Amino acid sequence: RELMELLAVPADKIHIIRPGITAPGITAPNLPPSLAPDGSRLEPRVLYVGSIFNRRHVPDLIRAFALVARMHAEVRLDLVGDDRSYPREDIVATIAREHLDDRIRWHQYVTDAELSGLYSTARAFAFLSEYEGLGLTPLEALTCGVPSVLLDTPVARESCGDAAVYVHKGDI
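Residues numbered from 1 in each chain as written. Predicted model: local features only at pLDDT ≥ 70, side-chain atom pairs only at ≥ 80, totals over all residues. Heavy atoms only, no water.

1. Examining the sheet that holds strand S3 (residues 104-107)
Move 1: Strand order in the open sheet formed by six strands is S3-S2-S1-S4-S5-S6, with parallel pairing between adjacent strands. In this open sheet, the two edge strands, each paired with only one partner strand, are S3 and strand S6 (164-167). Going from strand to strand, the sheet's axes swing by 20 degrees on average, the running direction of each strand aside.
Move 2: Strand direction decides the pairing type here: strand S1 (residues 45-49) and strand S2 (residues 76-80), joined by five bridges, are parallel. Each bridged residue has a counterpart across the sheet, and for Val 49 the counterpart in S2 is Val 80.
Move 3: Here helix H2 (residues 58-71) sits on the sheet in contact with S1, S2, S3 and strand S4 (124-127), set at roughly 170 degrees to S2.
Move 4: In the packing of helix H5 (residues 136-143) onto the sheet, the strands contacted are S1, S4 and strand S5 (148-151), and the crossing angle to S4 comes to about 170 degrees. (Pairing = 2+ DSSP bridges. Helix = DSSP H or I, 4+ residues; strand = E, 2+ residues; numbered from the N terminus. Axes fitted to C-alpha atoms, helices over the stretch in contact; angles between N-to-C directions. Contact = heavy atoms within 4.5 Å.)

2. Quick word on the packing of aromatic side chains
Move 1: Per the counting criterion, the structure on display carries three aromatic pairs.
Move 2: The interplanar angle of 20 degrees and the centroid separation of 6.3 Å between the aromatic rings of Phe 125 and Phe 127 together place this pair among those described as stacked.
Move 3: Through a chain of ring-to-ring contacts, the aromatic side chains of Tyr 48, Tyr 119, Phe 125 and Phe 127 assemble into a single cluster.
Move 4: Sitting over the face of the ring of Phe 53, Arg 55 holds its NZ or CZ atom 4.5 Å from the ring centroid. (Phe/Tyr/Trp six-rings, centres within 6.5 Å; stacked < 30°, edge-to-face > 60°. Lys NZ or Arg CZ within 6 Å of the ring centre and 35° of its normal.)

3. Re empty space enclosed by the protein
Over the atoms, a rolled probe matching the size of one water molecule traces out where space is still vacant.
Move 1: In this structure the tally under the stated criterion is one cavity of 30 Å³ or more.
Move 2: Taken as a whole, the largest cavity holds about 90 Å³ of empty space.
Move 3: Taken together, Phe 127, Ser 129, Glu 132, Gly 135, Pro 138, Leu 150, Leu 151, Thr 153, Val 155, Ala 156, Ser 159 and Cys 160 form the lining of the largest cavity.
Move 4: In terms of residue count, helix H6 (residues 154-160) provides more of the lining of the largest cavity than any other element does, four residues in total.
Move 5: Partitioned by chemical class, the residues of the lining of the largest cavity number seven nonpolar, four polar and one charged. (1 Å grid on protein atoms, 1.4 Å probe; cavity = no way out; pocket = protein on both sides within 12 Å on 5 of 7 lines; lining within 4 Å. Points joined across faces, edges and corners; volume = space filled by probe spheres on them. Nonpolar A, V, L, I, M, F, W, Y, C, P; charged D, E, K, R; others polar.)

4. Here we look at a nonpolar patch on the surface
Move 1: On the surface, a nonpolar cluster with roughly 340 Å² of combined accessible area is contributed by Leu 3, Leu 6 and Leu 7.
Move 2: Here Leu 7 shows up in helix H1 (residues 2-7). (Patch = residues over 30% accessible without salt bridge, like charges linked within 9 Å, V, L, I, M, F, W, Y side chains within 5 Å. Areas by Shrake-Rupley, 256 points an atom, 1.4 Å probe, with all protein chains shown as cover. Salt bridge = Lys/Arg side-chain N within 4 Å of Asp/Glu carboxyl O.)

5. Details of H5
Move 1: Taken together, the buried positions of H5 are Thr 137, Pro 138, Leu 139, Glu 140 and Ala 141.
Move 2: Contacts made by the buried residues of H5 are with S1, helix H4 (112-121), S4, S5 and H6.
Move 3: Directly after H5, the chain includes Gly 145, whose backbone phi takes a positive value near 80 degrees. (Buried < 20%, exposed > 50% of the residue type's maximum accessible area, 1.4 Å probe, protein only.)

6. Section: unusual backbone geometry
Move 1: Across the junction of Tyr 86 and Pro 87, the peptide omega takes the value 0 degrees, indicating a cis bond.
Move 2: Within the secondary structure, Pro 87 is located in the loop between S2 and helix H3 (91-97).
Move 3: In the Ramachandran plot, His 57 falls in the positive-phi region, its phi being about 55 degrees despite a non-glycine side chain.
Move 4: In this fold, His 57 is placed in the loop between S1 and H2.
Move 5: His 57 gets classed as buried once you look at its relative accessible area, which sits at 13%.
Move 6: Its identity as a non-glycine residue notwithstanding, His 99 has a phi of 60 degrees, on the positive side.
Move 7: Mapping His 99 onto the fold places it in the loop between H3 and S3.

What follows is the structure, encoded as structure tokens:
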């Protein structure tokens, strides 16, 4: 759509080739969703993976998670990604304001093996990006069998279809 609108490229000249998801070290778990790879019980964990940009609404995710955390003492949130927001979003202060220091882990960087472990123990994946060319991390989550909650955008619906739950921007 943007190629057609911004660069006047005719629709018949555009061919969509969808990427495959074969991220190293990320595999779908063959376990019930409440069990870890070692067979132990999982804490309910929500996972976010991606650099932190303003358009991805991570502070909104933290505020929404706070509502869930107040009702469910066992739930945790893992944020994976470096803060590249501008103007700078103070993620640590947002976590502290919600009194969630002990419930949210922010991993600014993880190895492929650590990322695989996070996907394999997540019970839900959240990605509230209002603009992506194509969000690969929601597809990684779905590949791993992790249900996804995504911001309702045309690209999210195009790439994930009926396989995700969609929320509207600002609807905490």
